[in-house]
Structure formats: structure tokens, C-alpha cells
Amino acid sequence: MANVNTLPNLQAHSRSPSPAQTLPSEAVLDALKMMLIGASLNEVLTSITRLIEAHSEGMLCSIFLLDEDGLHLRYGVAPNLPQAYQAATDGTCIGPNVGSCGAAAYLRQPVFVSDILSHPNWTNFKSVVLPSGLRAAWSTPIMSHDGKVLGTFCMYYREVRHPETHDIQLIDYASRIAGIAIERDRSRSALTLAFENVQKSEAQLRQIVDAIRQGIVILDPEGTILYANQWLLDYTGLRLEEAIAPNLRTRIFHPEDVARVQDERRDALSRGLPFENEQRALGKDGKYRWFLILYNPLRDEHGSVIRWYVTGTDIEDRKQAEQRVRNENLALREEIDRSSMYEAIVGSSGALRRVILQIDKVAPTDSTVLISGETGTGKELIASAIHKRSKRSAKAFIRVNCAAIPPSLIASELFGHEKGAFTGALQRRAGRFESADGGTIFLDEIGELSPEVQIALLRVLQEREFERVGSSQPISVDVRVLAATNRHLEAAVSAGTFREDLFYRLNVFPIRAPSLRERKDDIPLLVEYLVERYAKRAGKRISHIKKKTLDLFQAYDWPGNIRELQNVVERAVILCDGETFSVDEVWLQRKSTELSGPLQVSRAGILAADKIEFADRERKAIETALAECQGRVSGPNGAAAKLGIPHQTLESKIANFGIDKRRFKVLRSKRRSA
């Protein structure tokens, strides 16, 4: 398409291949409804011009209709154009150099004039244009489905203006809708004329009906076919005697549609009032197309129905457009889900499929679920997926990180408190369980609960009731409990730090979130997804990932699981300068046996020594913090808070260094016994 900003003279543009997507679907449907209910052509065309004018401040629109002689343009509608201008330009003869509309109708192509006063096409109209204040005129021909010019659609502006892509799409879309209205009006007019002359000459009527480019059938009062026009015969490939056979409906209409409208059609025929339906008709090419079927009765002087005239209008394009809109809406919803999805859901490995199967099995029930797994494996994602697929999905999903709440406040946080229950309790407060009533509560890191809170939680699971802190009044709740932990609860039960009865209440349906080490096959897909996500966020275009990089990712054991993978990819995207994604091998120190030998040798020297020294200092700092916090990692008094890092990061570092947290708890016990 030519660039309108660079062409000083007449610009002719080819029609865009598909309807524009700039008009609101509600407005378009309103215009189509006006056609269907029988509004006049003037009303429909006026509605279209006002719809387009609403898109740009100061825009004026007009629709010319081509005379029967095919040489002159007459105003169809121009609600806001100056009357003097309309009077001077009505009846304009088309030609290659006649304004915008005359040239567009003659050339059968869009014509965009950005400055009327300087364009040679408008030389003979300057005396009319100057008083009107019009400066730009963009016109496009209105074409019939068989390629004939019906008229023109024109946009005017009071300033010099060059069309942009969305302007071209808008005027193209407007001309298409106007064309539908004009063709429908002409078809309706022709059909009306045929009805008025039916008593004069049935042969003449049939000749006229055959000329209409719509399927037309004549029925007797009971609905038996008497006549089918030539267009219908051409579309179906049937002979007239086949078309008037009793089995025509079951022969050409889709079986589903025949069954769907059968009773409705019979009842409507018996009432004798106009009606319509939509059905798919089989063409001679073996394909079904959607048609709007309109039934209109012809009555005698006594008001009795003597004939039914039925028209079938091809609406396949409209149906396809509606389906595209539905598909686009579905794609949008999927994109929203995808953009908000946690990384661990990406993948198709056997380990992940087993988890998804477990989610599908347990989600519709109200069973308590215990989700276990290492830090960063997506346990909260699993809990969220269970809730979304449950019958409680419309209700609240309350998340509680048990390790992030101080032990002294956890009971109040979960069960609420009464005013004055403790210092600082200035008013009654509902707890998380009350907030989750009717929905789901997710208790993350449940292994960190104190024995007292464990007892209260056991009561909720057993009796579905609890008491606020400072109250003896029981409160009943309907809550589904999902719990998660990265600790070995069975070992905690054996050690006496976790109640056995509570463990069995929680462990009704256990799900283990697989570590990334167990999902090696998912790593390429995860990396691709994360690269796309972070590149989009950083405004970069990364189209290629080195195979060596993927091999390196799959060789690494990922102690921090998805969370660590996410951090590495985000860092690499930030540092990436080209379209190829890669990482520094130094970032992934813990290699598998396949890569350990040569890679370690290549990293020997001063840099390696510095890294070892830094790692030793980091290890000593962690051990010192654990000793001071008596082995506790999370919480306000834990080692993570003392070091100023997230407790998940500290857990990952403890695992990387192979530090045994239990020995610091043993030291605490020895100090107490001493």
C-alpha cells in the first residue's frame, strides 16, 4: 500500500484483505440488527455514518449511491455536511479526476486526498469547498459481493490530514457494512416488487425471483415446497423436481439444525406470523454454509395465509467473524492465565504429570491435602490449582505462611482474637479461618507450628470449630485445609516436635512436589518460557538459546529448584546483549559428573581461589548465625532474619554447603542439660 504521506497527487489504495478490528462489536451488531428488523436504508446508512464519525473528533461522513445509469453519484446520507456543499456536489459524474468520490467510483479503488485545496482533482470544486471549510477527503468505493460499484463512503476533515493504517481499516470496514445494507435493501425491494405483482404474472414473478441472488422458496400454507428459485438450484446443484421434493430440508440442511428448529418451525407456520431461524445448508461443493432463513406469509383478502415466501441469506462470513471474536476472547483469557502462571506448571515430564493427575483426582473433593517437597518446587501452585478446580473456587483462597508469623501471634492470626485478649488487642479481629469460611485455607510451612497451635488446628480438622484468643465461644467454619511443608514431618513426629494425630489428619491425601532434579526433561521448556517472560519484561528480543546452555542447565542439580532457575534466567536476560541466550558457566558451580572434570580444571587459578575463600567466609557466617539462633532458620528470631536474607535462600545455601542444622539444636539441648 502506498504511503499517503509521500504522494502529493491522487493516491489509490487496494482494499484491505480483512475487516478492520477497530469498530466496537456492539455497534456493528446494532447496525446489523437494524437491517434484520426491516429499518429503512436511510436509517441504516445514517446509523453507520454516525458510528464512524464518533471515532474521530471533527470527522464528517457521507454515503453516495451510484445512479442506475452507472455514471452519476447521488447522496444517500450526509447528516452533517453543509447543505450548500451537498447541493453543489449532488449528481456528480464519476471520472478518474473528479474529486475523491467520483474518482473512487470510477477507479473502483480507495482515493485519499489529504489537501483538497492543492489537489488537481478538486480544481472545479474550490468555489464550493472554500465556504464549507473542508480540507481533506478520503473516499472508498462501496462494492457488491459480485464486484459491482454501489456507491462510495467518504470521510471529510476540516484540516489537512493523512490517513493512517487504522483510518484505512475503518473506512474499509464502514464501506463493507454499508454495502451489506444497500444490497439487502435492493434485494428486499426486488422481493417486495415480486410480491406485489404475483397476481399479475406468476411467470414474471418467477423470473424476478430467479434474478435475486438469494435462496428463495415458496411454500403452501402447510409448509410444502411449491417452488425454488434458480439461485438455490445453482447453490445446491439440484434439479427443480428434486428441490420441491418432501425430503429437501433433510437433504440440504445440517442434521443438527433440522432437529433443532423442527418443532419451532412447525409451531411458527401454524401461527401464521413472520419468523426466522439460522441453519447450515449443504452446497454442491460438499460444504455447509450458514444462512439466515426469513419466513413471510402472503394472505388473501380474508387474512388467511395462502403462501409462504422464504428467503435464505448467506451469513457464513458473519458467523466466521463471530467465531473469530470468541476465539480471540478465549486466547486472551489463556494469555492472562499464562502470564500469571507460576513457572513450575510448565512441563510435561512424568513426575509432573503424576502430580497433575493427583490434583485432578483430589480437587473435586473436600479432603485435606498435605503437599510436601523441597523449597522452590511450587507447592503453593499445587494448592492454588486444587482450589481453582474445586467446588469452592468461587470462594476465598487464604494463604498463610506459618513460618513468617511470630509464634506468639500465630494463634491470633489463624483464629482471631477478642478485644483485650492481650496487650495491643484494641478490637475484635477475625482470623484467617473465619476469612476462609466456605473456601480454602493454605497453611504453608506447617511444620513450623508450635505444639499449642497444633492442638487448636487439630480441633478445627476434627470438629470444624475453634475459639478466638480470649474467648470461650466456639465458632463453626466450613473450610477446606491444604497444608505444605519442606520438612520431613514423619521424622518430626518421631522426634516429638510434631503431633502424630495432627499429622494423620493432615496426611489424608499426600502430594509430593517433584524437585527440578527429577524433572530434567522439563528444563528446556522451562528455560524457553522464562527467557520469553523476562525478555518481554526487559524490552528485549531473544529468539535463540544455545544448545550448550541447555546442556549446562540440565547438568546442574538445582538445589533451589524453580526459584533458583528463575533467578539465573532473569540475571542472564538482563546481561544478554544479542538475540541469543546464554549464561556464564561460573554461575552454575554444582555440576553433574559429566561436566565436573574438564570444567573444574579450566576454572583453576586465582579466580577459583577467590571463590573458595568467599565460600568459606559465607559458610562460617551461616554456621555462626545458626549457632546463635539455636538451629532455627525462619521467623523473626531465625538465622535468615539475622543474616538479612529470605529464609528460602538460606535453606538453599545450607543445602549447598551440606550444613547439618540439627547439630546446632543438639548443642542447644546440651547447654540446657549442663
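Residues numbered from 1 in each chain as written. Predicted model: local features only at pLDDT ≥ 70, side-chain atom pairs only at ≥ 80, totals over all residues. Heavy atoms only, no water.

Caption draft 1: Main features of the overall build of the chain. The number of helices and strands found in the chain is 27 helices and 20 strands. Residues counted as buried form 45% of the 674 residues belonging to the chain. When the accessible surface of the chain is summed, it comes to about 34800 Å², and 51% of that surface belongs to carbon and sulfur atoms. (Helix = DSSP H or I, 4+ residues; strand = E, 2+ residues; numbered from the N terminus. Buried < 20%, exposed > 50% of the residue type's maximum accessible area, 1.4 Å probe, protein only. Areas by Shrake-Rupley, 256 points an atom, 1.4 Å probe, with all protein chains shown as cover.)

Caption draft 2: Up close: helix α11 (residues 255-271). Here α11 spans 25 Å end to end across 17 residues, near enough to the 24 Å set by a 1.5 Å rise per residue. The largest bend along α11 reaches roughly 45 degrees and is located at V261. All of the buried residues along α11 are D257, V258, V261, R265, A268 and L269. Against the buried residues of α11 lie β7 (215-219), α10 (248-252), β9 (275-282), β10 (288-299) and β11 (305-314). (Expected span 1.5 Å × (residues − 1). Bend = angle between axes of the 7 residues up to and from the residue. Contact = heavy atoms within 4.5 Å.)

Caption draft 3: How the structure looks around the nonpolar core. Counting 32 residues, the largest nonpolar core has F433, I441 and L443 as its most contacted members. Those elements giving two or more residues to this core turn out to be β13 (397-401), α15 (410-415), β14 (440-444), α17 (451-463), β17 (480-485), α18 (489-495) and α19 (500-506). Ranked by the residues each element gives to this core, the list is headed by α17, at 5 residues. Once residues lying within four places of it in the same chain are set aside, the contact partners of I441 are I398, V400, R432, F433, A436, V479, R480, V481 and L482. Counting 28 residues, the second-largest nonpolar core is a separate cluster that includes I63, L65, V77 and Y157. (Core = buried A, V, L, I, M, F, W, Y, C linked by side-chain atoms within 4.5 Å.)

Caption draft 4: Inspection of the environment of E68 at higher detail. By the element assignment, E68 lies in the loop between β1 (60-66) and β2 (72-77). Classification of E68 by relative accessible area gives exposed; the value is 87%.

Caption draft 5: Examining the pattern of salt bridges more closely. All chains considered together, the criterion is met by 34 salt bridges. Residues R161 and E159 are paired through a salt bridge, measuring 3.7 Å at the closest nitrogen-oxygen approach. Residue classification places R161 among the partly exposed positions, given a relative accessible area of 23%. A salt bridge links D257 to R280, with the shortest nitrogen-to-oxygen separation between them at 2.9 Å. Highlighted residues: D257 in helix α11 and R280 in strand β9, separated in sequence by 23 residues. (Salt bridge = Lys/Arg side-chain N within 4 Å of Asp/Glu carboxyl O.)

Caption draft 6: View of the sheet that holds strand β8 (residues 225-228). The strand order across the open sheet formed by 5 strands is β8-β7-β11-β10-β9, and the pairing between neighbours is antiparallel. Bordering the open sheet on either side are β8 and β9, each of which pairs with just one other strand. Shown here is a sheet whose adjacent strand axes are inclined to one another by a mean of 25 degrees, direction ignored. Bridge analysis of β7 against β11 gives 5 bridges, and the strand direction is antiparallel. The residue bridging L219 from the neighbouring strand is W308, located in β11. Helix-sheet contacts for α11 involve β7, β9, β10 and β11, and the interaxial angle to β9 is about 150 degrees. (Pairing = 2+ DSSP bridges. Axes fitted to C-alpha atoms, helices over the stretch in contact; angles between N-to-C directions.)

Caption draft 7: Local environment of the packing of aromatic side chains. Across all of its chains, the model carries 18 aromatic pairs by this definition. Taking the centre distance of 5.7 Å and the plane angle of 65 degrees together, the rings of W122 and F125 count as edge-to-face. Among the residues examined, F125 registers a relative accessible area of 17% and is labelled buried. When the ring of F503 is compared with that of Y504, the centres are 5.3 Å apart and the planes differ by 65 degrees; the resulting orientation is edge-to-face. Given the relative accessible area of 6%, F503 is considered buried. (Phe/Tyr/Trp six-rings, centres within 6.5 Å; stacked < 30°, edge-to-face > 60°.)

Caption draft 8: Focus on the pairing of β8. Summarising the sheet, β7 and β8 pair through 3 bridges and their orientation is antiparallel. Bridged to I218 within β8 is Y227. Linking β7 to β8, which pair antiparallel, is a turn of 5 residues; within it G223 sits at a positive phi near 100 degrees.

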